[in-house]
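Here's the letter readout for the chains.
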Amino acid sequence: MPSGSIAAMIQARLDAGFSRAGAETGAERSRKLSEGEMIRWLMEFSTCNLSDALDALELSGTPRGFLPLWPGCGKAAGKAMTIHLVPEGRDSAVEGTLRAIMAAESGDVLVIDNGGRLDVNSFGGIAAFTAQRRGLAGVIIDGVTRDLEEMREMIFPAYGKGAIQQSIRGRCAFGGFGGEMRLGGVVVRRGDYVAADENGVVVFPAERAAEVMEDARRCFEREEQIKRWIGAGVDPVEAHQRA
């Protein structure tokens, strides 16, 4: 749940954006959002709001155990460019990851499936540098990474399971990019929407994005109304029951 000042800012933007066509239903308004607006709302809503929306829609998309990997790490949100790493194979993990970055579109988020391994590196400074130059919005890793001080200096958002000092070279292989993979057990496809912040990670299909954004808006506004009632002296239990 956003803090008071952030919540007020989001509410003002909701009033000016989501609700600008007041005669339309929420779903109709959401479907008219452009991809750029969709990314903007992904950045505005917390992953808690988005997770509540997924619950309401009975969608599975909340992998657990993912945290920001450097102090003050910003939010990452966009469409997924999926990368699969495997324990063994002929294709270099380093070169394969760089090919995937070059194939990604500006604004994409790299989503790396290394099976949650904590003993083998999954990413690094050169890949992060290349990704940032390509305009990518961050990386989410089902595993660990190194060179976090470089990512911090670049202000490149990185989320995952932890840090490691060893090189990736010779310790795993490249299993492909752009296909279906898993992030903490949750299926992720190329082009799915992903968002990561200090609360965790959410992922959902692009074809359900309008519904998710509308339900996230409802969840946000409901929580803000509850706080307004409590602030006005209403009993907290009654405030929840009213909502």
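Scroll up a little and you will see the structure.
Conventions used here
- Residues numbered from 1 in each chain as written.
- Predicted model: local features only at pLDDT ≥ 70, side-chain atom pairs only at ≥ 80, totals over all residues.
- Heavy atoms only, no water.
- Helix = DSSP H or I, 4+ residues; strand = E, 2+ residues; numbered from the N terminus.
- Buried < 20%, exposed > 50% of the residue type's maximum accessible area, 1.4 Å probe, protein only.
- Contact = heavy atoms within 4.5 Å.
- Areas by Shrake-Rupley, 256 points an atom, 1.4 Å probe, with all protein chains shown as cover.
- Pairing = 2+ DSSP bridges.
- Right-handed = clockwise from strand over helix to strand, strands pointing away.
- Phe/Tyr/Trp six-rings, centres within 6.5 Å; stacked < 30°, edge-to-face > 60°.
- Lys NZ or Arg CZ within 6 Å of the ring centre and 35° of its normal.
- Salt bridge = Lys/Arg side-chain N within 4 Å of Asp/Glu carboxyl O.
- Axes fitted to C-alpha atoms, helices over the stretch in contact; angles between N-to-C directions.
- Parallel < 35°, antiparallel > 145°, perpendicular 65-115°, else oblique.
- Arc of directions from axis to C-beta.
- Core = buried A, V, L, I, M, F, W, Y, C linked by side-chain atoms within 4.5 Å.
- Left-handed = near helix turned anticlockwise from the far one by under 90°.
- Nonpolar A, V, L, I, M, F, W, Y, C, P; charged D, E, K, R; others polar.
- Polar contact = N/O pair within 3.5 Å; in protein donor to acceptor, adjacent residues only side chain to side chain.

What about the overall build of the protein?
And then number 1: Of the regular secondary structure elements, the protein holds nine helices and 11 strands.
And then number 2: Taking all 243 residues of the protein together, the buried fraction comes to 49%.
And then number 3: Contacts in the protein between residues far apart in sequence, at least 24 positions, make up 74% of those at least 6 positions apart.
And then number 4: As displayed, the protein has an accessible area near 11400 Å², and 50% of this comes from carbon and sulfur atoms.

Let's talk about the pairing of strand 4 (residues 138-145)
And then number 1: Most of strand 4 sits inside the fold, with eight of its eight residues counted as buried.
And then number 2: Here strand 3 (residues 109-121) pairs with strand 4 via seven bridges, running parallel. Bridge pairing links Val 111 to Ile 140 in strand 4.
And then number 3: Once you follow strand 3 into helix 6 (residues 125-133) and on to strand 4, the crossover reads as right-handed.
And then number 4: In the sheet, strand 4 pairs with strand 5 (residues 158-160) via two bridges, with the strands oriented parallel.

Side note on the packing of aromatic side chains
The geometry of an aromatic ring pair is captured by the separation of the ring centres together with the interplanar angle, meaning the angle of the planes.
And then number 1: With the rule as written, the count across this model stands at four aromatic pairs.
And then number 2: Pairwise contacts between aromatic rings join Trp 41, Phe 45 and Phe 220 into one cluster.
And then number 3: One cation-aromatic arrangement involves Lys 161 over Phe 66; the distance from NZ or CZ to the ring centre is 4.7 Å.

Topic: the side chain of Thr 145
And then number 1: Structurally, Thr 145 can be placed in strand 4.
And then number 2: For Thr 145, a relative accessible area of 0% gives the class buried.

Describing the pattern of salt bridges
And then number 1: All told, the structure shown has 15 salt bridges when counted by the stated rule.
And then number 2: Here the residues in one salt-bridge network are Glu 214, Asp 215, Arg 217, Arg 218 and Glu 221, joined through shared partners.

Focus: the packing of helix 5 (residues 93-103) against helix 6
And then number 1: Axis separation between helix 5 and helix 6 bottoms out at 9 Å; the angle between their running directions is 10 degrees. By the angle between their directions, the pair helix 5 and helix 6 is classed as roughly parallel. Facing helix 5, whose interface residues are Thr 97, Leu 98, Ile 101 and Met 102, helix 6 presents Ala 127, Thr 130 and Ala 131.

Quick word on helix 6
And then number 1: When we look at burial in helix 6, the residues that qualify are Gly 125, Ala 127, Ala 128, Thr 130 and Ala 131.
And then number 2: Those residues of helix 6 hidden inside the fold are in contact with helix 5, strand 3 and helix 7 (148-154).
And then number 3: Positive backbone phi, approximately 85 degrees, marks Gly 135, located one or two places after helix 6.

Re helix 3 (residues 35-44)
An α-helical turn contains 3.6 residues, so a residue and the one three or four places further along point in the same direction.
And then number 1: Those residues of helix 3 not exposed but buried are Met 38, Trp 41, Leu 42 and Glu 44. On an axial view of helix 3, the arc spanned by its buried residues comes to 160 degrees, and they lie on one face.

Examining the environment of Ala 216
And then number 1: Of note, Ala 216 is situated in helix 8 (residues 209-231).
And then number 2: The exposure class of Ala 216 is buried, given its relative accessible area of 0%.
And then number 3: Residues Ala 216 and Leu 42 lie 174 residues apart in sequence; the distance between their C-alpha atoms is 9.5 Å.

Comments concerning the nonpolar core
And then number 1: Counting residues in hydrophobic clusters, the biggest one holds 43 residues, and the most contacted among them are Leu 110, Phe 123, Ile 140 and Met 151.
And then number 2: The contacts of Ile 140, once residues within four sequence positions are left out, are Phe 66, Val 109, Leu 110, Val 111, Ile 112, Tyr 159, Leu 183, Val 194, Ala 196 and Val 201.

Describing the packing of helix 3 against helix 8
And then number 1: Where helix 3 meets helix 8, the axes come as close as 11 Å, and the angle between the chain directions of the two elements is 40 degrees. Between helix 3 and helix 8, the interaxial angle falls into the category oblique. Crossing of helix 3 over helix 8 shows left-handed handedness. Residue-level inspection shows Met 38, Trp 41 and Leu 42 of helix 3 in contact with helix 8, the latter providing Ala 209, Ala 210 and Met 213.
And then number 2: In the contact of helix 3 with helix 8, the residues fall into six nonpolar, no polar and no charged.

Quick word on the side chain of Ser 167
And then number 1: Residue position: Ser 167 is located in the loop between strand 6 (162-163) and strand 7 (173-177).
And then number 2: Note on Ser 167: relative accessible area 17%, which makes it buried.
And then number 3: A distance of 3.0 Å separates a polar side-chain atom of Ser 167 from the backbone nitrogen of Arg 169.

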